[in-house]
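# Examination of the molecular architecture
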Amino acid sequence: MENSSRNTDLWAPDIVPYVTKLADRATDTALAIQILDSSDEEYGGYRPLDSLVCQFPGGVGAVLTEAYLDPNSRYHQSDAVANSIRLALEASEERFQYEDGSIDSGSDKQNAANAAFATGGIHQIWERWQSVEHPLSEEIVDRCRRILIKFGFSCCTMGVFTPNHRWVACAAMAIVNEVEPNTRLVAKIDDYLSDGIDQDADGFYSEYSPMYAMLCNMCLLQVAKRLDRPELLIPVR
């Protein structure tokens, strides 16, 4: 045990400085590619140099938020970063999210699963900015809340295409239910769960993919935690 403790630095280095550097580099890129021309239909989005279109920009704000809050970051409490997040959320709500709450992602158009996958990032921004003292904090938090509520609506009213998407949608609805409690969201989660967990005796889900197994486990953990459903920990174990 003593030897193991002495060699901790060999297998568990302090990764915080590396995370700070990665967040700063991502923020460098985001600020450089954000569309600031108000006449552009994707105004406020982040358009990569090798792309003609923007993807849903809201989630980028989760990385920018970490840079803004990190005291070791070059962007700590940067007004430019705060405004970039605000503008991206404005674009997300007003130009990238459909009335039914869904969003596009690549070739998947007006898809509730896309909204479900994006829920975690928007929720992270919503959660983190509630304690930030900044003139833009209220707008950032309010826009996140409205986006999340519409995400929940899309997951509740629209179908999904693959088995794992059910559990991603359930996790998203459980998250949104904490932001804005809604019995319809919980009822839809129960509806999906009534199908049964698609897991075999070896612990594989029906898509037989280690990657999707990790995804399904994370989603079921979210539902178990947020709705107090300890029985959902059984398939995860």
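So, here is what we can say about the structure in this document. Bear in mind the structure is a predicted one, so any value in this text is a computation, not a measurement. (Residues numbered from 1 in each chain as written. Predicted model: local features only at pLDDT ≥ 70, side-chain atom pairs only at ≥ 80, totals over all residues. Heavy atoms only, no water.)

### Focus: the packing of aromatic side chains
What counts, and what does not: Only Phe, Tyr and Trp rings are paired, with Trp represented by its six-membered ring, and only when their centres lie within 6.5 Å; those with planes under 30 degrees apart are stacked, over 60 edge-to-face, the remainder tilted. Secondary structure counts use DSSP, requiring at least four H or I residues in a row for a helix and at least two E residues in a row for a strand, with both numbered from the N terminus.
A complete count under the given rule lists 3 aromatic pairs for this structure. With a centroid separation of 4.8 Å and an interplanar angle of 35°, the aromatic rings of Tyr68 and Trp129 are classed as tilted. Taken together, the residues Tyr68 in helix H4 (residues 60-69) and Trp129 in helix H6 (residues 112-129) connect sequence positions 61 residues apart. Geometrically, the ring pair formed by Phe204 and Tyr208 is stacked, given 5.7 Å between the ring centres and 25° between the ring planes.

### Here's the deal with unusual backbone geometry
Here Gln77, not a glycine, exhibits a phi torsion of approximately 55°, which is positive. You will see that Gln110, though not glycine, has its phi angle at about 45°, which is positive. Of note, Gln110 is situated in strand S2 (residues 108-111).

### Topic: the environment of Ala174
Selection rule: Residue burial is assigned from relative accessible area. The probe radius is 1.4 Å, only protein chains are included, and a residue is buried under 20% of its type maximum, exposed over 50%, and partly exposed in between. For this analysis, residues touch if any pair of their heavy atoms sits within 4.5 Å.
With respect to the helices and strands, Ala174 occurs in helix H8 (residues 163-179). Among the residues examined, Ala174 registers a relative accessible area of 0% and is labelled buried. Along the primary structure Ala174 and Val186 are separated by 12 residues, whereas in three dimensions their C-alpha atoms are 7.2 Å apart. With near-sequence residues (within four places) excluded, Ala174 lies in contact with Ile189, Val223, Arg226 and Leu227.

### Thoughts on a nonpolar patch on the surface
The test is simple: Each patch is assembled from residues with relative accessible area greater than 30% and no salt bridge, linking like charges that lie within 9 Å and nonpolar side chains (Val, Leu, Ile, Met, Phe, Trp, Tyr) that lie within 5 Å. Surface accessibility follows the Shrake-Rupley procedure with a 1.4 Å probe radius. Residue values consider only the protein chains on display as shielding. Only one rule defines a salt bridge in this text: a Lys or Arg side-chain nitrogen within 4 Å of an Asp or Glu carboxyl oxygen.
A surface patch of nonpolar side chains, amounting to about 320 Å² of accessible area, comprises Ile15, Tyr18 and Val19. If you trace the backbone, Ile15 turns up in the loop between helix H2 (8-11) and helix H3 (16-33). Taking the relative accessible area as the measure of exposure, Ile15 reaches 52% and is therefore exposed.

### Comments concerning the pairing of S2
Put simply, the test is: The pairing criterion for strands is at least two bridges between them, as found by DSSP.
Sheet topology note: the strand S1 (residues 103-105)/S2 ladder contains 2 bridges and is antiparallel. Note on S2: the bridge partner recorded for Ile103 is Asn111. Between S1 and S2, which pair antiparallel in sequence order, lie 2 residues; one of them, Gly106, sits at a positive phi of approximately 60°.

### Quick notes on the packing of H3 against H4
Packed helices, taken two at a time, are described by the angle between their axes plus the distance between the axes. Definition in use: Geometry is summarised by axes, namely lines fitted to C-alpha atoms with helices restricted to the contacting stretch, and by angles between N-to-C directions that run from 0 to 180 degrees. In what follows, roughly perpendicular refers to angles from 65 to 115 degrees, roughly parallel to angles under 35, roughly antiparallel to angles over 145, and oblique to any angle outside these ranges. By convention the crossing between two helices is left-handed if the near helix lies anticlockwise of the far one by an angle smaller than a right angle, and right-handed if it lies clockwise. The residue classification treats Ala, Val, Leu, Ile, Met, Phe, Trp, Tyr, Cys and Pro as nonpolar and Asp, Glu, Lys and Arg as charged. All others, Gly included, are polar.
Between H3 and H4, the least distance of the axes is 9 Å, while the angle of their chain directions is 125°. Here H4 runs oblique to H3, going by the angle between their axes. Crossing hand, H3 versus H4: left-handed. Only Val60, Val63, Leu64 and Ala67 of H4 make contact with H3, whose side of the interface consists of Ala23, Asp24, Ala26, Thr27 and Ala30. Partitioned by chemical class, the residues of the contact of H3 with H4 number 7 nonpolar, 1 polar and 1 charged.

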